Amino acid sequence: MTKICVFGAGAIGGYVGARLALKGEADVSLVARGSHLAAMRARGLTLKQGGGTQVVHPRVTDDPKELGPQDYIILTLKAHGLAAVIDQLMPMIGDNTAILFAQNGIPWWYFHGVGGPYEGTRLESVDPGGLIWNRIGPERALGAVVWQAAEIEAPGVIAHHYGDRMPLGEPAGEKSERAQLLGKLLTSAGIKSPVRPNLRNEIWLKLWGNLCFNPVSVLTLGTLQDLATDPGTRRVIRTMMDEARAVAEKLGISFAVDAGERMDMAAKVGAHRTSMLQDVEAGRPTELDALLGVVIELGRIVGIGTPGLQLVYDLCKFRSRQP
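Scope of this entry: the structure provided in the associated data block. All values derive from a computational prediction rather than experimental measurement.

Definitions and cut-offs
- Residues numbered from 1 in each chain as written.
- Predicted model: local features only at pLDDT ≥ 70, side-chain atom pairs only at ≥ 80, totals over all residues.
- Heavy atoms only, no water.
- Helix = DSSP H or I, 4+ residues; strand = E, 2+ residues; numbered from the N terminus.
- Rg over C-alpha atoms; globule rule 2.2 N^0.38 Å.
- Buried < 20%, exposed > 50% of the residue type's maximum accessible area, 1.4 Å probe, protein only.
- Contact = heavy atoms within 4.5 Å.
- Areas by Shrake-Rupley, 256 points an atom, 1.4 Å probe, with all protein chains shown as cover.

Some details on the overall build of the protein
Alright, step 1. A count of helices and strands for the protein gives twelve helices and eleven strands.
Alright, step 2. Computed over C-alpha atoms, the radius of gyration of the protein comes to 19 Å, within 12% of the 20 Å expected from 2.2 N^0.38 for 323 residues, which places it in the range of a compact globule.
Alright, step 3. Dimensions of the protein, computed from C-alpha atoms along their principal axes, come out at roughly 50 × 45 × 35 Å.
Alright, step 4. Out of the 323 residues belonging to the protein, those deemed buried represent 55%.
Alright, step 5. Of the contacts formed within the protein by residues at least 6 apart in sequence, a portion of 73% connects residues at least 24 apart.
Alright, step 6. Here the protein displays about 13700 Å² of accessible surface, and carbon together with sulfur accounts for 51% of that area.

See below:
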């Protein structure tokens, strides 16, 4: 049976792990910590979804050494937490282990498998010093775009709010055997995971909203609906989106929607407070560099100016340092 470890089994990781465990087609283990881990050990993992409640009992631990080499590791930590867990991952990495990186923003492996003049370029904003690239290696990487929203309602209890898509792909775009097997297992478990030949387009589609709405929400305290409908914030966000689009298109990205449609997508989510705003208010590190700093870095790489993005980045960086 295929061995899958979900590392960082918080809200999204817990949801993915619970769906896989419920289906029972893979040998599933979860790495978590603190009260969440203690609750799962004592009572199992509870998933609330679609008006129903289900409990599963996958293997859970805070010590990856107990698990041994895996066929797949699904990493659901936020991007800024990846470098800190490399040593913990090593006991689970065998010769053929693939790692699905399910983070928001531009991934550290972005320039692996793209060909052309930027092939192999390292991104300092999301992988300082190339630590992840050098220690894990981009050849192990699979990418994913997480379109779900979930939260830890209580220790050991995951509440799924919306979304059932998590497309994945190889950095070079091939429909490899390892990508197709993982996509099949996730889809069978109720998480629609088609293997995309160009996952970067979908990465940018999600990022296009996140890089604007998240930092602007930190500066204004507005919800997605507020920011997408107020004329002033809508103008700021459109300016940011225009700059980001210019960078993306220079890298060969095509967008399936225009800026107005992408803002309307965010408005439909409703009075949702972004995760970045919640992180700042809780005094936690944010995804600012993975969502916005990296786009500014990409702009420098391709020779596109991003003054609007830089302005919002600088203000948000300052705000995130305040109590």
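The discussion continues.
A short note on the environment of Asp62
Alright, step 1. Its location among the elements puts Asp62 in the loop between strand S5 (59-61) and strand S6 (70-75).
Alright, step 2. We classify Asp62 as partly exposed; its relative accessible area is 43%.
Alright, step 3. The spacing of Asp62 and Leu37 is 25 residues in sequence and 7.6 Å in space, taken between C-alpha atoms.
Alright, step 4. What Asp62 contacts, discounting residues up to four positions off in sequence, is Ala32, Leu37 and Arg41.

Without other data, these values stay purely geometric and don't point to any function.
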